[in-house]
Amino acid sequence: MEKSYDPAEVEGRIYDFWISSGLHQSEITDSAKVFSIVIPPPNVTGSLHIGHALNSTIQDILIRYKRMKDFDVLWVPGTDHAGIATQMMVEKDLASEGLTKNDLGRDKFLERIWQWKETSGSRITEQLKRLGALPDWEMERFTLDEGLSEAVRKVFVDLYSQGLIYKDKRLVNWDPELRTAISDLEVEQRETQGNYWHIRYPIEGDDGLSITVATTRPETMLGDTAVAVHPNDPRYSALVGRNAVLPLVGRKIPVIVDEYSDPEKGTGAVKITPGHDFNDFEVGKRNDLDIINILDERGYVEGDVPEKYSGLERFEARKAVIEDLEDGGFLVKVEQTVHTVPYGDRSGAIVEPWLTDQWYVNAVELAVQATSCVERGDIRFHPKFWESTYFEWMKNIEPWCISRQLWWGHRIPAWYGPDGEIFVATNEHEAIACAEKHYGEEVTLVRDPDVLDTWFSSGLWPFSTLGWPQDTEELGHYYPTSCLVTGFDIIFFWVARMIMLGLKFMGDVPFKDVYVHGLIRDAKGRKMSKTTGNVIDPIDVIEKYGADALRFSLAALAAQGRDIKLTFPVIEGYRNFMNKIWNATRFVFMNLEPGLVYDSDVDNSHLSVPDRWILTRLNVTLGEVEGFIENYEFDKASQALYHFIWDDYCDWYLEISKFSLYGEDDESKKTTLNVLVRVLLRSLRALHPFAPYITEEIFRIFGEKGINLPESEGLSSKSILDAQYPTPSGAEMFKDESEQVELIKGVVTGIRNLRATMGVHPSEKVLVHLNSENDEVENILRGNLEIILGMASLGDCIVCGEDSPGKAVSEIVSGVEIVMPVENLLDLEKEISRLSKDLAKVSQDLKKTESKLANRDFIDRAPEDVVEKEKGKLEEFQNHKKKLEEILKKLSVV
RNA sequence: GAGCACGUAGCUCAGGGGCAGAGCACUUGCUUGACGUGCAAGGGGUCGCAGGUUCAAUUCCUGCCGUGCUCACCA
């Protein structure tokens, strides 16, 4: 083995091994234990960013863990066609050739996107492999696959026939750049510096009389059809019922009363533009106002407006309108203001409310079940507080606009007859048949040109990927899926829609748990973005530190409910951890004599005290790790393993094992070797979901060593992934010996501390006295002398003997007095000051405990074990204090 | 405006009614035969502030201050 672990050499080879061994594949058995996950499908256009790395690492941990626990495991991978994003990308590509999509036409354009998808669409899945993610690649799906498209059509037709999908003419968020409708969720509100323009509208038939309104979008006045005032606003009551004359246009518009008008805001009179403002649209409906559309799909002025403005781009029109208002003396004043402006999240263009025909899903209706299933606990969010956010959104849910004026996506399965009659069907044949029945003759149908919102198809992902609407074996076996791992940014976009549609079409929740992880941020806590230039590319990290180091870092940082600040020093630290494991293995191999390893279980009666301690620590850790993973506490799970392996196994057990391995006692050596090997192998198995590559590689090398271990150690498996996940064994928990070792560790640390403070060179074999008045403690010290001598590198150690008469330094640890004679080295004053500090501390502790125990209420009301513990502390502190005082007394005599 | 989080060591963060923890950074020592991507020892905290509950509060409750996120409104 090399001196350092080299991930680059290992990872590709190991991944190929997993695939060629078919370890990624799911297999339906009659086992009752089933665990399934569907990947949140990344955009097919995308490349792996660090957020995907976190998301996939967590899923891979769960999948590997459950697989090792003998579950029927399925992880479905795949990608999303990402309507707008993909179409934009290919359009940009075309633009560089001086072409637009219209030059190609719909069919050719789609052909081109498919072509692109075939050549570059697999990039992100290839990158997932680098991370070590092992979904069932045979199950890979794409949202535009035929099967998934069939699911989309069926859902559309069914919802339509139930009235849950309908076509409606109302205002939508219109993206003039992309020239499509978008949903509320795709609109981003941004704070923007803008103006209030106060505009005076003259009152008809009364020179000098006027009403002033304020607006941030003056060009919309071209479409005004009323001015509204509050019914209780005395300032304007005289004007109600009269007409205002719209400046620049000349149209007479009524002054009406409507509760919407807020006397506190602006001038208290508000212009009403039902065609271009969501609130005004409602006012218009209530008051039966005309709706005047003044914009085309590009955001250029058109329609029933003065010719002067027709054809102007909307912001050009704004300028012109303001200028003319000013010239005409209608502009009363301009006020600076900060207000929020809606932008399209993809295009970055300012969105316009625009009156169009669009398809909607009645989300309010679907939200009822979707809310109650979470209330009932059929779906649990982790961390739980996301449920509040989910409920909040579901409570205020609006109709979901699902049609998009794009070409790339699932085309809406609706056809129109010559008179506009709508025929919704899963295919054209059916639509034609329906039409024939309706008209009594054959007619030509025109298909709706629009496609569906991308989230419509991804909302079906948990069951469409499993074969629905076919009644497949996978669907029956793996639905509902066990867990969904996702970021909070798509809870509404995606998670909520899956829940609504899963309940509707499968009659059951799509997943039982939703694990919501945080967002990865840079060292300063900023979002990572290309424009800020602070992105960490996971592939770069993998190349520099290895996939395991990246995965382990992400897991270790994944505390629930918190974003992750990812920094290189942390990744480096876990890279070092991988190297540590590598070198611990090297140590074991250096001492490995295959013939000495038993092919049966170790006889407990042969185990030494340290053996029993490390086995206990291992089993405690395994129990913790199991609980943590089941609770999605990956940070705690990974850190428990980290500390066990590094602190317990490497820093203590492995060092202690040397006394036995390099000693004369063959029987002891044999047992130690067995424990070393077994604890390592079990640790590796426990670690495998977190660090799959290095654990598999070491496992492989172990396999080459020709040692025979019992089946339960899993070494006979072809892959570590095929071995059992280690479970804690009660038979290997030794409380007494564990406490002994903890005591010894404390004493050793105490001795090392004395050496360090006295500046005794590490190689100098000094003498130490250990004193205790407790027989049991004395026995423990005597029984573990070899460890104390070796670990503290002592020349000799006298337990409970006569103290040497000369100068010495001392320390008390767990009631054991450590005395180290130092003859010439002693700085008396320093030593007294050091011990006095200890004395002050222990006196304070003692006082606190004494007053607690003197408190009647404490004795009466505190639980018994707490009181007992306090009494124990009292004794310990008293003892400690007494000893310190004695030592100080002796020192002052010297 | 509404909702949800978060304020703990220099930094990043765990924790949790009963003696405050980790990693990194820092200081000191170390060619100990697995590892300097290492070993050993150490310093460092009014647990945001103020009340309340409790025998006991850093932990639970209330308020305040500060930070972040989400949604809504903005004539």
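## Looking at the side chain of S772
So, step 1. Structurally, the position occupied by S772 is in the loop between β26 (766-771) and α25 (775-783).
So, step 2. Taking the relative accessible area as the measure of exposure, S772 reaches 12% and is therefore buried.
So, step 3. Within the structure, the side chain of S772 is placed 3.0 Å from the backbone nitrogen of N774, a separation counted as a polar contact.
So, step 4. Discounting chain neighbours no more than four positions away, the residues touching S772 are V777, E778, C800 and G815.

## So, the domain arrangement of chain A
So, step 1. Domain parsing of chain A yields domain 1 (33-164 + 363-394 + 452-517), domain 2 (190-341), domain 3 (567-733) and domain 4 (747-893).
So, step 2. One C-alpha centre belongs to domain 3, the other to domain 4, and the line joining them spans 34 Å.
So, step 3. In this complex, domain 3 contributes 7 residues to the contact, which on the side of domain 4 involves 8 residues.
So, step 4. Taken over both partners, the interface formed by domain 3 and domain 4 buries close to 560 Å², and the fraction arising from carbon and sulfur atoms is 81%.
So, step 5. Among the residues of domain 3 in contact with domain 4, W652, I656 and F659 are the three that bury the most area, contributing 77% of the side total.
So, step 6. For the interface between domain 3 and domain 4, the tally reads 0 salt bridges.

## Some remarks on helix α23 (residues 692-704)
So, step 1. Along its 13 residues, α23 runs 19 Å from first to last C-alpha, staying within 8% of the 18 Å computed at 1.5 Å per residue.
So, step 2. With respect to burial, α23 is a largely interior element, 10 of its 13 residues being buried.
So, step 3. Among the residues making up α23, those that are buried are P692, Y693, I694, T695, E696, E697, I698, F699, I701 and F702.
So, step 4. Of the surrounding elements, those touching the buried residues of α23 are α1 (7-20), α2 (50-68), α6 (123-130), α18 (547-557), α19 (568-591) and α22 (666-687).

## Structural notes on the pairing of strand β7 (residues 187-202)
So, step 1. In the sheet, β7 pairs with strand β13 (residues 331-344) via 13 bridges, with the strands oriented antiparallel. Note on β13: the bridge partner recorded for R190 is V341.
So, step 2. In this sheet, strand β8 (residues 210-215) lies alongside β7 in antiparallel orientation, the contact comprising 6 bridges. Note that in β8 the partner of H198 across the bridge is A214.

## Considering the pattern of salt bridges
So, step 1. Under the criterion given, the structure shown has 54 salt bridges.
So, step 2. Here E593 and K669 are joined by a salt bridge, their closest N and O atoms 3.3 Å apart. Here K669 lies in helix α22 and E593 lies in the loop between α19 and α20 (609-630), a separation of 76 residues in the sequence.
So, step 3. You can call E593 partly exposed: its relative accessible area is 37%.
So, step 4. Taking the relative accessible area as the measure of exposure, K669 reaches 19% and is therefore buried.
So, step 5. Salt bridges sharing common partners tie together E9, R13, E697, R700 and E704.

## With respect to unusual backbone geometry
So, step 1. Cis geometry is found at the peptide bond from H382 to P383, where omega equals 0 degrees.
So, step 2. With respect to the helices and strands, the residue P383 is situated in the loop between β15 (380-382) and α11 (386-395).
So, step 3. Following Y479, the chain continues to P480 via a peptide bond in cis, the omega torsion being -5 degrees.
So, step 4. Among the structural elements, P480 can be located in the loop between α15 (473-478) and β22 (481-487).

## A closer look at the protein's contact with RNA strand B
So, step 1. Contacts to RNA strand B come from 56 residues, most closely from Y196, N279, T340, R562 and R861.
So, step 2. Sugar and phosphate atoms constitute 61% of the interface atoms of RNA strand B, taking the interface as everything within 4 Å of the protein.
So, step 3. Mapped onto the surface near RNA strand B, the elements with two or more residues apiece are β8, β12 (269-272), α19, α21 (634-661), α24 (735-758), α28 (856-861) and α29 (864-893).
So, step 4. Counting residues per element, the surface near RNA strand B draws most heavily on α19, which supplies 9 residues.

## A few points about the sheet that holds β8
So, step 1. Strands sit in the order β8-β7-β13 across an open sheet of 3 strands; the sheet is antiparallel. The sheet is open, and its two borders are formed by β8 and β13, each paired with just one other strand. Neighbour-to-neighbour, the strand axes of this sheet turn through a mean angle of 20 degrees, independent of strand direction.

## Observations concerning the side chain of E817
So, step 1. Mapped onto the elements of the fold, E817 is located in strand β29 (residues 816-821).
So, step 2. Nearest to the buried, unbridged E817 among oppositely charged side chains is K890, at 5.0 Å.
So, step 3. Not counting chain neighbours up to four residues away, the residues in contact with E817 comprise H769, L770, N771, E811, I812, K883 and I887.

## Topic: the pairing of strand β11 (residues 252-257)
So, step 1. Examined bridge by bridge, strand β9 (residues 226-229) and β11 share 3 bridges and lie parallel to one another. Considered in β11, the bridge of V229 is made with V257.
So, step 2. Pairing of strand β10 (residues 243-245) with β11, which is carried by 3 bridges, proceeds in the antiparallel orientation. Counted as the bridge partner of V245 is K252 from β11.

## Observations concerning the packing of aromatic side chains
So, step 1. Counted under the stated rule, the structure contains 36 aromatic pairs.
So, step 2. Consider the rings of W393 and F492, whose centres lie 4.6 Å apart with planes at 15 degrees: the pair is stacked. With W393 in helix α11 and F492 in helix α16 (residues 491-506), this residue pair connects regions lying 99 residues apart in the sequence.
So, step 3. Judged by centre distance (6.0 Å) and plane angle (40 degrees), the ring pair of W400 and F456 falls under tilted. Here W400 is found in strand β16 (residues 400-401), whereas its partner F456 is found in helix α13 (residues 454-458), with 56 residues between them in sequence. Each member of the pair, W400 as well as F456, is classed as buried.
So, step 4. Taken together, F552, Y574, F577, Y642, W646 and F690 form an aromatic cluster joined through their ring pairs.
So, step 5. In this structure, K66 packs its charged tip against the face of F71, placed 4.6 Å from the ring centre.
So, step 6. Between K101 and the ring centre of W407, over which it is positioned, the NZ or CZ distance is 5.2 Å.

Reading guide: rules and limits
- Residues numbered from 1 in each chain as written.
- Chains lettered and ligands numbered in written order.
- Predicted model: local features only at pLDDT ≥ 70, side-chain atom pairs only at ≥ 80, totals over all residues.
- Heavy atoms only, no water.
- Helix = DSSP H or I, 4+ residues; strand = E, 2+ residues; numbered from the N terminus.
- Buried < 20%, exposed > 50% of the residue type's maximum accessible area, 1.4 Å probe, protein only.
- Polar contact = N/O pair within 3.5 Å; in protein donor to acceptor, adjacent residues only side chain to side chain.
- Contact = heavy atoms within 4.5 Å.
- Domains from an automatic or database assignment.
- Buried area = accessible area lost by both parts, 1.4 Å probe.
- Salt bridge = Lys/Arg side-chain N within 4 Å of Asp/Glu carboxyl O.
- Expected span 1.5 Å × (residues − 1).
- Pairing = 2+ DSSP bridges.
- Near = heavy atom within 4 Å.
- Axes fitted to C-alpha atoms, helices over the stretch in contact; angles between N-to-C directions.
- Lys, Arg positive; Asp, Glu negative; His and termini not counted.
- Phe/Tyr/Trp six-rings, centres within 6.5 Å; stacked < 30°, edge-to-face > 60°.
- Lys NZ or Arg CZ within 6 Å of the ring centre and 35° of its normal.

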